[in-house]
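# Chain and residue survey
Spelled out, the chains give:
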Amino acid sequence: MKVVHPGPGCEVGVAKPTNPDRSARMNMHENARMTVHGRVLLVNRIVAGGWRVADAARAAGISERTAYKWLARFRAGGERMLHDRSSAPGRMPHATPVATIEAVEGLRRRRLSGPAIARELGLTLKDGTRQDADLIVMATGYRSQQDTVRAILGDEIADKVGPVWDLDETHELRNMWRPTAQPGMWFTGGGLGQCRIYSKYIALQIKRQLAIRNRTAAVA
């Protein structure tokens, strides 16, 4: 059986596969489709193995259009082009000056409130002019959970897992509340309501994996 991930307005359930062929199941573990490793395997099958694009796409569980996209990127710049691109903009012409950011952070560490910081600094614009403000609100320090994995476990595992959040080629949330390419690694996030609800689905998936492992060990 396979777990049917709930969407907005949907009830969770368990469905029986219409195709009894076990080999047709999507592998959601070490070589999960369209991680960096999956992309390398895809282009190697086409370029070195002589596979037709349609066959390689079918084996990876993706569309031909997606397969052509990764093949084009590989031909344009080699394997490095198969890695996930940063979602950060290339340039931010209206970004707050670094000196202002550092000054705000310093005052926040002194536990000054937003209004107090506004009165202390005002707001220095890029052209050097100063604009007084009643309140300055800055969102700093937000990073992808993939960056957290990279900082703690290194580049290899971070690249293996891939991006967290946003939608994948199947329009499912990437690596969130589902198996990842790194065995034993799971992600949860969002608001308290999401964490409380979806932690149950993570627990059910882990319980199923452990049951399969225990049965396999007993047979061996």
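Note: the structure precedes this text.
Computed from a predicted structure; not experimentally measured.

### Remarks on the overall build of the protein
- Counting its secondary structure elements, the protein contains eight helices and four strands.
- Starting at the N terminus and ending at the C terminus, the protein contains elements arranged as β-β-α-α-α-α-α-β-β-α-α-α.
- Taken over 220 residues, the protein has a buried fraction of 26%.
- Residue pairs in contact within the protein that sit at least 24 positions apart in sequence constitute 40% of those at least 6 positions apart.
- On the protein, roughly 15,600 Å² of surface is accessible, and the fraction owed to carbon and sulfur atoms is 53%.

### As for the nonpolar core
- If you look at the biggest cluster of nonpolar residues, it comprises 15 residues, and the most contacted ones within it are Met34, Leu42, Ile46, Ile62 and Ala67.
- In terms of residue count, helix H1 (residues 36–47) provides more of this core than any other element does, five residues in total.
- Once residues lying within four places of it in the same chain are set aside, the contact partners of Met34 are Arg39, Leu42, Ala60, Ile62, Trp70 and Glu169.
- In terms of nonpolar packing, the next biggest core, distinct from the first, is built from ten residues, Val149, Val164, Met185 and Ile202 among them.

### Re the pattern of salt bridges
- Per the counting criterion, the structure on display carries six salt bridges.
- Asp55 is the partner of Arg52 in a salt bridge, and the nearest nitrogen-oxygen pair spans 3.1 Å.
- Residue classification places Asp55 among the partly exposed residues on the basis of a relative accessible area of 28%.
- Here Arg178 ties to Asp168 by a salt bridge, and the two come within 3.3 Å at their closest N and O atoms. Note that Arg178 is positioned in the loop between helix H7 (155–161) and helix H8 (192–219) and Asp168 in the loop between H7 and H8, a separation of ten residues in sequence.

### Some remarks on the packing of H1 against helix H2 (residues 53–60)
- Running from N to C, H1 and H2 cross one another at 155°; their axes reach a closest spacing of 9 Å. By the angle class used here, H1 and H2 are roughly antiparallel. When the axes of H1 and H2 are compared, the crossing they make is right-handed. Contact residues: H1 offers Leu42, Arg45 and Ile46, while H2 offers Val53, Ala56, Ala57, Ala59 and Ala60.

### Topic: helix H3 (residues 64–77)
- Look at H3: 20 Å from first C-alpha to last across 14 residues, which is about the 20 Å you get at 1.5 Å a residue.
- Along H3, the positions that sit buried rather than exposed are Thr66, Ala67, Trp70 and Leu71. Down the axis of H3, the sector holding all buried residues measures 135°, keeping them to one side. Exposed residues lying more than 90 degrees from the buried face of H3 are Arg65, Arg75 and Ala76.
- At the C-terminal side of H3, Gly78 shows a positive phi close to 80°.

### Structural notes on the packing of H2 against H3
- Relative orientation of the contacting elements H2 and H3 amounts to 105°, with a least axis distance of 9 Å. It follows that H2 is roughly perpendicular to H3 by the angle criterion. Packed against H2, whose contacting residues are Val53, Ala54 and Ala57, the element H3 presents Glu64, Ala67, Tyr68 and Leu71 at the interface.
- Residues that form the contact of H2 with H3 fall into these classes: six nonpolar, no polar and one charged.

Thresholds applied
- Residues numbered from 1 in each chain as written.
- Predicted model: local features only at pLDDT ≥ 70, side-chain atom pairs only at ≥ 80, totals over all residues.
- Heavy atoms only, no water.
- Helix = DSSP H or I, 4+ residues; strand = E, 2+ residues; numbered from the N terminus.
- Buried < 20%, exposed > 50% of the residue type's maximum accessible area, 1.4 Å probe, protein only.
- Contact = heavy atoms within 4.5 Å.
- Areas by Shrake-Rupley, 256 points an atom, 1.4 Å probe, with all protein chains shown as cover.
- Core = buried A, V, L, I, M, F, W, Y, C linked by side-chain atoms within 4.5 Å.
- Salt bridge = Lys/Arg side-chain N within 4 Å of Asp/Glu carboxyl O.
- Axes fitted to C-alpha atoms, helices over the stretch in contact; angles between N-to-C directions.
- Parallel < 35°, antiparallel > 145°, perpendicular 65-115°, else oblique.
- Left-handed = near helix turned anticlockwise from the far one by under 90°.
- Expected span 1.5 Å × (residues − 1).
- Arc of directions from axis to C-beta.
- Nonpolar A, V, L, I, M, F, W, Y, C, P; charged D, E, K, R; others polar.

None of the figures reported here should be taken as evidence of function without further support.
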